[in-house]
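# Coordinates in review
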Amino acid sequence: MAHVTGGTPVLDRLGGGRLDDGWLANALGGLVDGSGYWSTRGVLAALERTGGLLAGTWEPPEGETGPGSAGEGSWTRFLGRIGALALRAAVEPTREVRRQRLLAWLEIWAESPFADPSARWRTGVVRTDRPGVRDEHGAAVCIGWVRGGARKFLELRTGHGEPPSLGEPVEVNDLVPGGGWGSPEQIRTLVALVRERGPVPWDRSAVTLLREATGLGRATASFALAGLISTGYAPFLEAEERRIHQLKAAESEDGGKELARLSPLERLELLADVLPADPAALWEPEGMREVATRLGAAWRARFGRRTTVPESTHAAVVEREPFLLTAGKLCWAFTDPTDLPELRADVDTWLSNSKFGPYVTDARGQARWFGDTLLTAVAHLPWVYAELPAGDVVHDGVPGLVRVLRKRLEYPGLLLGAGFRGMRGEDLPAELPEGFGRRPYAGPEPLDDPSVDDGLTVVTRWRATRPHERPSMHLSFRPAFYGDDERSRRLSGWADRYGREHMDAVAWLRGPVCSAIVDRIASAALPPGRYESDPAASAPDVVALAAGKLDLEEDQARLYLQLLALPAPTDRNVRKWNGWTAARHHAARDGLLACGVVVADKRPRAGRQVFLPGEWGHAVKPFTPMERWKAALLGVERSYNGRYDNHPPLPVRTLPELFAHAWTLVERGDGPA
């Protein structure tokens with residue numbers, strides 16, 4: 001490295017060969033684009049040389065053409081936003097191997113024009129073969145990699161005239177970093193304090209403060225306060241990091257996914273000004289709580305505030321592992337449905353072309369999220385109704401969510417996928433199914449494939465173009481017109497069983513069972529703190545009938561009905577629903593055993609010691625093993641392997657009705673045996 005003016009390069013002083021390696025990609029995870037470009041060696045050196053070229057303190061030595069590339073160039077977003085990287089470098093949860101690289105980045109930054117709040121910058125794309133230019137009016141340098149003969153550039157103006165040009169500009173943008181946190185003195189002070197005192201001790205009360213200020217889940221709030229770490233920070237958390245955050249592995253993964261929708265720029269802007277003007281304040285007792293207050297205000301300004309969900313509720317949702325949504329997003333749907341972007345307004349959709357066939361899209365990018373939210377919310381609504389207590393904000397949010405979903409489904413411009421039917425090439429009909437009419441689909445984008453549209457259903461005939469692909473018929477439908485008519489019956493009969501999830505969700509959401517559940521919750525039929533899964537609270541008359549007929553005590557009848565009707569009456573669940581101690585539970589269980597209506601056993605993944613008599617059905621996680629009699633009651637089907645590796649279908653009865661139906665079967669002699 002050849003310097004025009006004296007001084008030892010920062011990276012040389014820090015031992016650059018040790019620091020300037022692929023670990024930097026993980027340290028910057030979530031703050032830059034194109035993580036693969038950051039995995040090569042020499043990124044920190046390229047950053048320092050780029051700053052030197054712009055400042056006039058470095059020029060390429062003989063045989064070199066420029067400073068090299070620091071990643072793919074997205075680091076220019078750090079101008080005016082370096083506080084995001086500084087927070088991550090300072091706090092305790094950051095792994096030491098990553099902290100040292102972040103501190104090196106900050107030291108380089110502080111000694112370069114990048115930290116000068118008065119610097120005048122432009123960025124853009126230019127067609128050029130020159131790596132950099134400089135004169136008395138300024139300098140420009142290429143950053144990133146060549147794409148189509150063009151490269152990103154960064155330009156610094158230091159004089160009154162125009163700085164030298166790299167070549168033909170394709171795109172030029174003035175960059176105004178602003179006067180946020182990150183002066184050279186602030187950066188130097190923070191780095192020196194971290195090296196002298198060690199990282200800022202983690203303050204879990206600050207996490208609580210941020211959680212209350214935003215409504216985020218505990219894991220998400222903790223990760224945000226630690227510098228908005230991302231799931232690309234792989235492996236996401238080590239044991240020591242989880243210990244500092246006080247999170248289980250499942251909570252960690254869910255919290256990381258919650259932040260995954262944030263772009264690098266959003267992360268940088270949220271954290272740009274959360275650090276104190278005097279970095280030493282971070283090590284004071286209130287230091288991290290003040291950071292949390294500022295971050296909370298920045299979060300609310302950009303995303304609003306969610307209703308705070310009890311930690312016990314959030315943890316229970318995490319255990320459910322909602323596949324298409326995070327636990328925080330699912331809770332948000334129930335507590336504040338109109339704040340979700342995909343539910344805030346009607347989603348105007350259409351079919352678009354792709355190499356895999358037509359797909360549903362929209363102008364706001366909400367079509368996919370609407371479908372995911374619909375499926376996940378409907379799939380988990382019965383669990384929210386049954387296993388969260390009255391008075392819980394998620395439980396009590398069911399009527400509001402159902403109302404919003406029903407309203408959105410009435411919009412005629414909404415299309416949802418209805419699956420596809422794969423066929424062998426010779427079986428693909430030349431004509432589309434006649435039952436759906438002759439009128440082709442007419443949308444804002446002409447389709448490449450033949451189509452028919454009967455007003456409810458759009459069918460597209462897609463002919464595969466590659467050897468390993470199968471041709472197919474793609475189906476979409478407008479839920480506003482889906483109901484009890486001939487068109488709907490034709491669609492339902494033609495759709496494949498594995499492609500009808502949206503149709504089934506729409507039908508159940510509009511059906512009588514969902515309405516009855518909404519009415520029970522809205523009417524406050526249960527006192528706060530009581531559970532619908534406790535028959536003493538939701539079906540006391542059925543408990544009385546069972547107790548009288550079988551000569552049982554109330555607790556014994558209560559437990560028997562739960563064993564009959566509920567898919568997972570584990571010991572932990574029963575005690576939670578009924579408010580029982582272990583001793584009271586044991587007494588009820590022993591009474592049932594003495595009466596001979598249940599049997600004692602140990603069975604894999606059952607979570608209980610007593611069972612209904614008869615055949616037992618195994619299941620692998622996440623599915624629920626259960627008695628064969630109960631599986632038939634709940635409509636759970638066996639898989640090809642004979643296990644019950646399927647979730648229960650959407651309920652056809654409310655829980656009071658289910659308890660009553662199960663007891664009726666027992667009373668008439670059709671119970672488990």
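Residues numbered from 1 in each chain as written. Predicted model: local features only at pLDDT ≥ 70, side-chain atom pairs only at ≥ 80, totals over all residues. Heavy atoms only, no water.

### What to know about the overall build of the protein
Along the protein, the regular secondary structure elements total 28 helices and 17 strands. Expressed as lengths along the three principal axes of its C-alpha atoms, the size of the protein is roughly 95 × 70 × 40 Å. For the protein, with 673 residues in total, the buried portion stands at 54%. Both charge centroids of the protein, one from 83 positive and one from 88 negative side chains, sit 3 Å from each other. (Helix = DSSP H or I, 4+ residues; strand = E, 2+ residues; numbered from the N terminus. Buried < 20%, exposed > 50% of the residue type's maximum accessible area, 1.4 Å probe, protein only. Lys, Arg positive; Asp, Glu negative; His and termini not counted. Charge placed at Lys NZ, Arg CZ, Asp CG, Glu CD.)

### A look at the confidence of the model for the protein
Overall, the prediction assigns the protein a mean pLDDT of 91, with 95% of residues at 70 or greater. Low pLDDT (under 50) marks residues 1-6, which in the prediction has 14 contacts with non-local residues, meaning those over four places away or in another chain. (pLDDT = per-residue confidence, 0-100. Contact = heavy atoms within 4.5 Å.)

### Quick word on the side chain of Glu-387
Tracing the sequence through the fold places Glu-387 in helix α17 (residues 367-387). At 4.6 Å, Lys-576 is the nearest oppositely charged side chain to Glu-387, a buried residue that forms no salt bridge. Not counting residues up to four positions away in its chain, the partners in contact with Glu-387 are Tyr-531, Ser-533, Asn-573, Lys-576 and Trp-577. (Salt bridge = Lys/Arg side-chain N within 4 Å of Asp/Glu carboxyl O.)

### Some remarks on the nonpolar core
Counting 95 residues, the largest nonpolar core has Leu-374, Phe-477 and Tyr-560 as its most contacted members. Ranked by residues supplied to this core, first place goes to α17 with 10 residues. When neighbours within four sequence positions are excluded, Tyr-560 is seen to be in contact with Leu-550, Leu-592, Val-597, Val-598, Leu-612, Trp-663 and Val-666. In this structure, Leu-79, Leu-106, Trp-121 and Val-191 belong to the second largest nonpolar core, which totals 87 residues. (Core = buried A, V, L, I, M, F, W, Y, C linked by side-chain atoms within 4.5 Å.)

### Comments concerning the sheet that holds strand β7 (residues 168-175)
With antiparallel pairing, the five strands of this open sheet are ordered in space as β4-β5-β6-β3-β7. With one partner strand each, in any of the chains shown, β4 (132-135) and β7 form the two edges of the open sheet. Put simply, the sheet's adjacent strands are angled 15° from each other on average, direction ignored. As paired elements, strand β5 (residues 138-147) and strand β6 (residues 150-157) share seven bridges and run antiparallel to each other. Bridging from a neighbouring strand, Gly-138 pairs with Arg-157 of β6. Along the sheet, helix α4 (residues 43-55) contacts β3 (120-127), β4, β5 and β6; its crossing angle with β5, the most-contacted strand, is approximately 145°. (Pairing = 2+ DSSP bridges. Axes fitted to C-alpha atoms, helices over the stretch in contact; angles between N-to-C directions.)

### Thoughts on the environment of Ala-115
In this structure, Ala-115 sits in the loop between α6 (96-110) and β3. Each C-alpha atom of the pair Ala-115 and Ile-187 lies 8.6 Å from the other, and the pair is 72 residues apart in sequence. Each residue touching Ala-115, except ones within four places of it in the same chain, is listed here: Trp-109, Ala-110, Gly-182, Ser-183, Pro-184 and Ile-187.

### A look at helix α15 (residues 327-335)
By the criterion of burial, α15 is predominantly enclosed, with nine of the nine residues buried. Along α15, the residues classified as buried are Ala-327, Gly-328, Lys-329, Leu-330, Cys-331, Trp-332, Ala-333, Phe-334 and Thr-335.

### What to know about the packing of helix α8 (residues 204-214) against helix α13 (residues 287-303)
Two numbers describe how α8 lies on α13: the axes approach to 8 Å, and their chain directions differ by 20°. The angle between α8 and α13 falls in the class roughly parallel. As α8 packs across α13, the resulting crossing turns out to be right-handed. Contact residues: Ser-205, Ala-206, Leu-209, Leu-210, Ala-213 and Thr-214 in α8; Met-288, Arg-289, Ala-292, Thr-293, Leu-295, Gly-296, Trp-299 and Arg-300 in α13. (Parallel < 35°, antiparallel > 145°, perpendicular 65-115°, else oblique. Left-handed = near helix turned anticlockwise from the far one by under 90°.)

### Points about the packing of aromatic side chains
Counted under the stated rule, the structure contains 13 aromatic pairs. When the centroid spacing of 6.2 Å and the interplanar angle of 90° are considered together, the rings of Trp-75 and Trp-109 count as edge-to-face. Taken as a pair, Trp-75 in the loop between β2 (58-59) and α5 (83-90) and Trp-109 in helix α6 lie far apart in primary sequence, 34 residues in all. Residue classification places Trp-75 among the buried positions, given a relative accessible area of 1%. Ring geometry for Trp-105 and Trp-109: centres 6.4 Å apart, planes at 20°, overall stacked. (Phe/Tyr/Trp six-rings, centres within 6.5 Å; stacked < 30°, edge-to-face > 60°.)

### Quick look at the packing of helix α14 (residues 311-320) against α15
In the contact formed by α14 and α15, the axes pass within 9 Å of each other and the chain directions differ by 120°. It follows that α14 is oblique to α15 by the angle criterion. In terms of crossing hand, the pair formed by α14 and α15 is right-handed. Between α14, through His-314, Val-317 and Val-318, and α15, the contact on the second element is made entirely by Ala-327, Gly-328, Leu-330 and Cys-331. Tallied by class, residues from the contact of α14 with α15 come to five nonpolar, two polar and no charged. (Nonpolar A, V, L, I, M, F, W, Y, C, P; charged D, E, K, R; others polar.)

### Description of unusual backbone geometry
Residue Pro-622 is bonded to the preceding Lys-621 through a cis peptide linkage, with omega at 10°. Its location among the elements puts Pro-622 in the loop between β16 (616-617) and β17 (626-627). With a phi close to 55°, Glu-321 is a non-glycine residue in the positive phi region. By the element assignment, Glu-321 lies in the loop between α14 and α15. Of note, Arg-605 is a non-glycine position whose phi angle comes to about 60°, a positive value.

### A word on the side chain of Thr-123
Among the secondary structure elements, Thr-123 is positioned in strand β3. Setting aside anything within four residues of it in sequence, one finds Thr-123 in contact with Phe-153, Leu-154, Glu-171, Val-172, Asn-173 and Leu-175.

### Examining the pattern of salt bridges
Under the counting rule described, the total for this entry stands at 46 salt bridges. Between Arg-188 and Glu-111 there is a salt bridge, with the nearest N and O atoms lying 2.7 Å from each other. Of the two residues, Arg-188 is situated in helix α7 (residues 184-197) and Glu-111 in the loop between α6 and β3; the sequence distance between them amounts to 77 residues. Residue Arg-188 is classed as partly exposed on the basis of its relative accessible area, which comes to 36%. The closest approach of N and O atoms between Arg-500 and Asp-504, which form a salt bridge, is 3.2 Å. Its relative accessible area of 15% is what places Arg-500 among the buried residues.

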